[in-house]
Every structure is written in structure tokens, then in C-alpha cells.
Amino acid sequence: MSSKQSSNNITQARRTVQQLRIEANIERIKVSKASADLMHYCSEHAKYDPLLMGIPTSENPFKDKKPCTIL
Amino acid sequence: MCDQTFLAITFGPCDNCTQNKPLMNIYLKNEPINYCSLCVELMACQALAKGETINTLKAESESLKAKLEEERAKLHDVELHQVAEKMEALGQFVMKTRRTLKGHGNKVLCMDWCRDKRRIVSSSQDGKVIVWDAYTTNKEHAVTMPCTWVMACAYAPSGCAVACGGLDNKCSVYPLSLDKNENLSSKKKSVAMHTNYLSSCSFTNSDMQILTSSGDGTCALWDVESGQLLQSFHGHSADVLTLDLAPSETGNTFVSGGCDKKANVWDMRSGQNVQSFETHESDINSVKYYPSGDAFASGSDDATCRLFDLRADREVAIYSKESIIFGASSVDFSLSGRLLFAGHNDYTINVWDVLKGTRVAILFGHENRVSTVRVSPDGTAFCSGSWDNTLRIWA
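Residues numbered from 1 in each chain as written. Chains lettered and ligands numbered in written order. Predicted model: local features only at pLDDT ≥ 70, side-chain atom pairs only at ≥ 80, totals over all residues. Heavy atoms only, no water.

1. A closer look at the UniProt feature "repeat: WD" (unreviewed entry) in chain B
Residues and elements named next belong to chain B. The positions that UniProt labels "repeat: WD" (unreviewed entry) are, in the present scheme, residues 101-142, 191-232, 233-276, 277-318, 330-362 and 363-395. Spanning residues 277-318, this segment combines 0% helix with 55% strand, and its end C-alpha atoms are found 14 Å apart. Here residues 363-395 is 0% helix and 52% strand, with 11 Å between the C-alpha atoms at its ends. (UniProt positions renumbered as here; feature names shortened; annotations may be inferred. Helix = DSSP H or I, 4+ residues; strand = E, 2+ residues; numbered from the N terminus.)

Written as C-alpha cells, this is what we have:
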């Protein structure tokens, strides 16, 4: 039984090592490039973001519209 | 050890020890080998004895971890907020509660928007799952689940069904019918089966597949029609609390976070864990992809939210303040990704400028913990659910 436990530990350790090998070999880019891309995406899409830009009350279904008076 | 193992009991001389014994017909690298069971055991031990003891494996894993940190640190040339300094600061934000959805009898645990931008499904501790029309605050459907603590609910992309689950360890799909008198429970379909509570569920791009995460430490992809398990994802060492699918149409990855403080990124087709991030100091309650799919944010019990960039493979921002001591239960991005909404256990919602790392607003209103925060599909409003039994729509 103890050999089974130790072989379980070994398989677990082997799995961890394989996982780490995969992770160590992935391609990475610099943080400066990644940040620049995030900023670029934000600027590009900012104009389409209602919560950021605010849209007129008439177009927002959740904001209450002012009542119109019919003269 | 072996690529494939076919066991068929034959009797004859062993290839190794030449004694007449029952043989185990094993294929090693596609070559058949007829060894007796004793020789097979010896062969297995020899493979281990060739230096793959548990100590050498441990040492290798430590050195790989160190190498990973080194590789990641090499690319850490600047901080995100430094790069973002040249961006314009955001103005004052005025967000108010525009609708309050009352009707749940107990804590609201989860909610999801329909793609039509007006319907919402929410689930609560007492087992009720309610579908609301957010514009009018009317309840359209209500289902009572056979279990309490319905921690997960999701709207199908077509808007024709909802999925929910919790302490019943299952994820069930209810097709929504237009007939108000129809009993939804009769059409219920059990899709997922886990061995512990269901913490989160999400439809993939179609109504046909559901991704679930569970307290049993695994995530799983299921086919809705047949209930079959398509892929399972193992790698977390504790309960998985949250998951989020990558936004792009071609994206085949998702991120999950759990009580082991790790956030893992998975490939849906192979089941492989492709990236792992472990910088949080406590359970990760919520993960959400950045709209571009290149990064994700996480909210944790350590009272911080963090942004992880997938291509740089590291944490690039922390959203925290000394005054915030209560854990974040749920996070979501605005449509452009500039704002991050975080619901906390101190009844507030913090709104952060994602790029600059500063807080732009605190929203008060709930009278108990905020358990879930989701921005609507068109970005005009966001909805928060709380342990005070209500949901609020803010715009």
C-alpha cells in the first residue's frame, strides 16, 4: 500500500513538473507592449462605452425621461 | 511508462526471466512485450530508480518555478499605470440606482443578463430563480429549484433558456416558454453532475454547451442535449469558485479562479491548463476577461482586485486601498474596458480606472453584501445583486 501512495506522490510530482515545463516555455511579451495594447483598445472603444461617456437620457432606457407637456 | 496497455492473460515463457508464468501482454512504444507480472513490476521500479525519485522531481519543480519567475521578471520593464499616465483622467462619475428589483425572499447570489439587453435572470439562497424585465421591473418567470443556495445562473445566448445550480451539485437547464401558465419545472433538464456544489456556470457561444465549475475542484464542459461530459479540467487544488469564457468568437479558452488562490487559463479543446497566476493572498471569488480577451481581472477575499495580462503572463495592476478591507465578491468591466466595477462585502461597489489604477467612484445603496455585479451587454447599465434580497440597476 505504501508503494501505491508513494507512486501517487510521484505521479503528482511528475504532473507538476510537466505542467511547469509547459508554462515555462510559453511566449511572453514585454509589459510595456501589453500595456500599450490595453490602452489602445480602451481609447478605440471608449466612444462606444455608455457608462464611460454618458449617453443622452433620451437614449438610455434606464434613465427616466422628463415628461413632455403637450401645449 | 507505456503508451497503451492491453492486458490479455496468456501463459508461457517470460521474455525477461524465461520462467513459465501467466504473461501480461504489454506494448511498449508499439512493440509487444511478453513479461510476467513480476518483471513488469521490476521494470516499473527501474524506471523510477533511474533518478526520478520524488526528491529529484521536487527539486526540478522548484527550479522550474524559479525559472518561470525569472522569465516573467525579465519582461517587467514598466508598470501599467506609468504607461497610462499620458491618458486623460476620467471625469466625475454620477451613477445612481435607476431600478430596484424586489421579489426574492432571500439573499441574491447570482445574476446574468440576456443578450437582448433587457432581461435578467437571478438566483437566490432560498432556491428561487427569477427572470425579470429590467426596463419595467416585472417578473416574467419564476422557478423553484429543489435545492437551496443556487449559486450559479446563466442566460442562454438565444434567450430561450436559463441554467442554474448550487448545492444540488448539478446544473439544470430550464427552457423558457412564452406561456405563463406552463410549469417550467416540468421541462427541467439536468445537464452537469459534479461531486460537490456548483459554483458557476456559463453557456458557450451556443445553447448547446455549458461550462461549469464546482466545489469539487474541477471545471467541466457539457453537451446540453445529451448531458454528456465533453471535457474536464483538472488542476485546481481546492474549490473552483468562478469562471469566465474568453470573449472573442474564435476564442477557445476560459479562465477559472478558486480557493487555492490560483487563477488558471484553460484550453477548452485539449483540457490543458495553459497559464496559471498565483499572486492573490486569499480565495479568488470572481474572474472576468478584459473585453479584448488579452487580459483578465480578478476579485478576491484579500480585498484587492488585480489585472493579469495573458500575453505578458503576469499581474500588471492591483486595485486596492488601505481603506478597503472587505473582500471583493464580483468584478466586471465596462464595454471599453476602462472601468472595473467591483462589488464588496462591505455593501459598496467600487469603480476603478483600469489603466491608471485609481478609484473613480464608490456606490452606496445596498444594505448587505454585494454578491454579484454584471454590466449589460450593450454597456448602458450594470446590475448588482446583494444579500439584502434585491437587485439594483445602475446607470
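2. Remarks on the sheet that holds strand β14 (residues 209-214) of chain B
Residues and elements named next belong to chain B. The strand order β13-β14-β15-β16 describes an open sheet built from 4 strands, whose pairing is antiparallel. Looking at which strands have only one partner, the edges of the open sheet turn out to be β13 (198-203) and β16 (229-234). With direction set aside, neighbouring strand axes in the sheet form an average angle of 15°. By the bridge criterion, 5 bridges tie β13 to β14 in an arrangement that is antiparallel. Paired with phenylalanine 203 across the strands is isoleucine 210, a residue of β14. (Pairing = 2+ DSSP bridges. Axes fitted to C-alpha atoms, helices over the stretch in contact; angles between N-to-C directions.)

3. Describing the nonpolar core
One finds Tyr290, Leu307, Tyr319, Leu340 and Leu355 of chain B to be the most contacted residues of the largest nonpolar core, which totals 29 residues. Of all the elements in the fold, those that place two or more residues in this core are α2 (31-46) of chain A together with α3 (80-83), β22 (295-300), β23 (305-309), β24 (314-319), β25 (328-333) and β26 (339-344) of chain B. A per-element tally of this core places α2 of chain A first, with 6 residues. Setting aside residues no more than four positions away along its own chain, leucine 340 of chain B makes contact with Ala297, Cys305, Tyr319, Val331, Asp332, Phe333, Asn350, Val351, Trp352 and Val354 of chain B. Listed in part, the 17 residues of the second largest apolar core include Leu52 of chain A together with Phe341, Val351 and Val375 of chain B. (Core = buried A, V, L, I, M, F, W, Y, C linked by side-chain atoms within 4.5 Å. Buried < 20%, exposed > 50% of the residue type's maximum accessible area, 1.4 Å probe, protein only. Contact = heavy atoms within 4.5 Å.)

4. So, the UniProt feature "coiled-coil region" (unreviewed entry) in chain B
Under the present numbering, the feature "coiled-coil region" (unreviewed entry) in UniProt falls on residues 54-81 of chain B. Between the C-alpha atoms that bound residues 54-81 of chain B the distance is 43 Å, and the span itself is 82% helix and 0% strand.

5. Description of the pairing of β13 of chain B
Of all 6 residues making up β13 of chain B, 6 are buried, and the element is well covered by its neighbours. Counting the residues that bridge the hairpin from β13 of chain B to β14 of chain B gives 5 residues.

6. Digging into the sheet that holds β23 of chain B
Within the open sheet, the 4 strands sit side by side as β21-β22-β23-β24 (chain B). Their pairing is antiparallel. Edge positions in the open sheet fall to β21 (284-289) and β24 of chain B, since each of these has one partner strand only. Each neighbouring strand pair of the sheet contributes to a mean axis angle of 25°, computed without reference to strand direction. With 5 bridges connecting them, β23 of chain B and β24 of chain B associate as antiparallel partners. Its bridge partner being in β24 of chain B, cysteine 305 of chain B is matched across the sheet by tyrosine 319 of chain B. Running at roughly 110° to β23 of chain B, α2 of chain A makes contact with β22, β23 and β24 of chain B of the sheet.

7. Side note on the pattern of salt bridges
Summed over the entire model, instances satisfying the criterion amount to 17 salt bridges over all chains. Of the charged contacts in the structure, one is a salt bridge between glutamate 281 of chain B and arginine 306 of chain B, with a shortest N-O distance of 3.9 Å. Taken together, the residues glutamate 281 of chain B in the loop between β20 (273-277) and β21 and arginine 306 of chain B in strand β23 connect sequence positions 25 residues apart. Here the salt bridges do not stand alone but share partners, grouping Arg28 of chain A together with Glu69, Arg72 and Asp313 of chain B into one network. (Salt bridge = Lys/Arg side-chain N within 4 Å of Asp/Glu carboxyl O.)

8. Digging into the interface of chain A and chain B
Frequently, the measure chosen for interface size is the accessible area removed from exposure when the parts meet. Across the boundary between the two partners, chain A contributes 42 residues, which contact 62 residues of chain B. Interface area for chain A against chain B, summed over the two sides, is near 4500 Å², with a carbon-plus-sulfur share of 70%. Considering only the surface of chain A that becomes buried against chain B, Arg28, Leu51 and Phe62 of chain A emerge as the three largest contributors, covering 19% of it. Applying the counting rule to chain A against chain B returns 3 salt bridges. A salt bridge links glutamate 60 of chain B to arginine 21 of chain A; its shortest N-O distance comes to 2.7 Å. Taken together, the links from chain A to chain B amount to 14 residue pairs in polar contact (both at pLDDT 80 or more). Those elements that place two or more of their residues in the side of chain A that touches chain B are α1 (2-24), α2 and α3 (50-53) of chain A. Looking at the side of chain A that touches chain B, the element that brings in the most residues is α2 of chain A, giving 14 residues. Taken together, the residues that form the side of chain A that touches chain B break down as 23 nonpolar, 8 polar and 11 charged. (Buried area = accessible area lost by both parts, 1.4 Å probe. Polar contact = N/O pair within 3.5 Å; in protein donor to acceptor, adjacent residues only side chain to side chain. Nonpolar A, V, L, I, M, F, W, Y, C, P; charged D, E, K, R; others polar.)

9. Description of unusual backbone geometry
Residues and elements named next belong to chain B. In this model, asparagine 169 sits at a positive phi of 65°, which is unusual for a non-glycine residue. In this structure asparagine 169 comes out as partly exposed when scored by relative accessible area, which is 22%. Positive phi is not limited to glycine here, since lysine 261 has a value of about 65°. By the element assignment, lysine 261 lies in the loop between β18 (253-258) and β19 (263-267).

10. Description of the packing of aromatic side chains
Residue and element names in this part refer to chain B. In this structure the tally under the stated criterion is 15 aromatic pairs over all chains. Cluster of aromatic residues (ring-pair linked, three or more members): Phe277, Tyr289, Phe296 and Phe308. The ring of tryptophan 387 carries lysine 107 above its face, with NZ or CZ at 5.1 Å from the centroid. Across the ring face of tryptophan 387, the terminal group of arginine 369 is positioned such that the distance to the ring centre comes to 4.4 Å. (Phe/Tyr/Trp six-rings, centres within 6.5 Å; stacked < 30°, edge-to-face > 60°. Lys NZ or Arg CZ within 6 Å of the ring centre and 35° of its normal.)

11. Comments concerning the environment of arginine 98 of chain B
Tracing the chain through its elements places arginine 98 of chain B in strand β4 (residues 97-102). Between the alpha carbons of arginine 98 of chain B and alanine 134 of chain B there is a distance of 10.0 Å; along the sequence they are 36 residues apart. Contacts of arginine 98 of chain B, omitting those with residues within four sequence positions, involve Phe62 and Lys63 of chain A together with Ile393, Trp394 and Ala395 of chain B.

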